[in-house]
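# Reading the structure
Spelled out from the first residue to the last, the chains are:
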Amino acid sequence: MLAELFKEMEQSIIDGDEDLSTEFAKKAVTLKIHPLEAITNGFMVGVTYIGDQFGRGEAFLPELVMAGEAMKAAIAVLEPELLKLGESREMLGRVVLATVEGDIHEIGKTLVGTMLSASGFEVFDLGVDQPADKIIGKALEVNANLIGMSALLTTTMVRQREVIEELDKESLRPRIKVMVGGAPITKDWVNKIKADGYSEDAIGAVKIAKQLVDRADA
Ligand code: B1M
């Protein structure tokens with residue numbers, strides 16, 4: 001039955017059907033399925049499928065947009081549940097989070113932000129398409145320990161390096177650490193741009209963030 005629901009979730013994203021993805025996300029809540037399990041085993045499978053189809057020229061922009069909207073709708077239902085799972089506790093650190101300039105992909109970044117909040121971080125999510133000066137300015141304004149940058153395009157990954165270079169020019173590291181992520185980000189890239197941390201997914205991002213603020217024990 002669970003496998004069937006995951007399949008329905010996947011299909012609702014492939015069909016770009018916000019109503020259905022919302023309905024299945026609500027069903028997951030009612031059935032007390034862990035929200036991350038619903039995202040990973042259900043909705044993510046659908047959005048990855050459409051992304052691959054798009055990459056091969058077998059799906060087109062409207063389908064990508066509709067899949068993105070259906071995915072956002074499902075996550076909007078599951079987000080409060082994720083936050084509920086992390087009961088309030090001591091604050092582990094302040095994170096300024098953004099998708100880099102030129103890039104409007106927000107779903108993964110938002111998920112990472114939700115998981116960080118649920119785990120005890122104070123998150124300042126600047127949203128998408130954020131230039132280096134805005135990101136660094138906010139980090140200074142709120143006295144952040146960590147900057148988290150998401151990039152989903154091979155053409156925008158370079159913006160992560162720009163922010164790091166700017167931070168180093170101003171001698172703001174290691175006071176402010178940098179974590180990067182997003183589908184095209186690899187360990188090689190992370191080493192190349194000298195980021196402090198990297199994760200492939202939202203759960204890993206929490207683990208790395210804790211290490212970077214020296215709270216791996218929390
Ligand atoms: Co776009 N898109 N898109 N897209 N899109 C990709 C990324 C693409 C791989 C699809 C493909 O061709 N196969 C491709 C990039 C190719 C490349 O650069 N190599 C692509 C393209 C080309 C484009 C456009 C250029 C298309 C066009 O206009 N011709 C355009 C660019 C717009 C722009 O940004 N300037 C575009 C637009 C869009 C939409 C707006 C339609 C929509 C986004 C909607 C939205 O966000 N509101 C969209 C979508 C939905 C996708 C795919 C299908 C799905 C992305 C997603 O939301 N995944 C994507 C294909 C794919 O990734 N397989 C694709 C679900 C999300 C939960 O995963 O974001 O990977 P993800 O986040 C993960 C991890 O990466 C990690 O944790 C998250 C949770 O596990 N993570 C972090 C993410 N950020 C992190 C930060 C961290 C740590 C971990 O620390 C700070």
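As a starting point, this report considers the structure included with it. (Residues numbered from 1 in each chain as written. Predicted model: local features only at pLDDT ≥ 70, side-chain atom pairs only at ≥ 80, totals over all residues. Heavy atoms only, no water.)

This paragraph deals with empty space enclosed by the protein. Following the criterion strictly, the structure yields 1 cavity of 30 Å³ or more and no others. Empty space within the largest cavity amounts to approximately 30 Å³. Residue contributions to the lining of the largest cavity peak at 3 residues, all from helix H7 (residues 158–169). Taken together, the residues that form the lining of the largest cavity break down as 5 nonpolar, 1 polar and 3 charged. (1 Å grid on protein atoms, 1.4 Å probe; cavity = no way out; pocket = protein on both sides within 12 Å on 5 of 7 lines; lining within 4 Å. Points joined across faces, edges and corners; volume = space filled by probe spheres on them. Helix = DSSP H or I, 4+ residues; strand = E, 2+ residues; numbered from the N terminus. Nonpolar A, V, L, I, M, F, W, Y, C, P; charged D, E, K, R; others polar.)

All right, on to the pairing of strand E1 (residues 93–99) then. Of all the 7 residues making up E1, 6 are buried; the element is thus mostly covered by neighbouring parts of the structure. After leaving E1, the chain enters helix H5 (residues 107–118) and then returns to the sheet as strand E2 (residues 121–125), a path that is right-handed. As paired elements, E1 and strand E3 (residues 146–150) share 5 bridges and run parallel to each other. Counted as the bridge partner of Ala 98 is Met 149 from E3. (Buried < 20%, exposed > 50% of the residue type's maximum accessible area, 1.4 Å probe, protein only. Right-handed = clockwise from strand over helix to strand, strands pointing away. Pairing = 2+ DSSP bridges.)

A few words now on the coordination of the cobalt atom of the ligand. A lone protein donor contacts the cobalt atom of the ligand, and this donor is His 105 (NE2), found at 2.2 Å. Looking at the element boundaries, His 105 is found in the loop between E1 and H5. (Donors = N, O, S within 2.8 Å, 3.2 Å for Na, K, Ca; no water.)

Size it by volume and the largest pocket reaches roughly 1,600 Å³. Forming the boundary of the largest pocket are 46 residues, of which His 105, Ile 107, Gly 108, Leu 152 and Ala 183 lie nearest the centre. Among the secondary structure elements, those contributing two or more residues to the lining of the largest pocket are helix H3 (35–55), helix H4 (61–85), H5, E3, strand E4 (177–181) and helix H9 (202–212). Examining the composition of the lining of the largest pocket, we find that 10 residues originate from one element, H3, more than from any other. Class assignment for the residues of the lining of the largest pocket results in 28 nonpolar, 11 polar and 7 charged.

Just distances and angles here, no functional claims.
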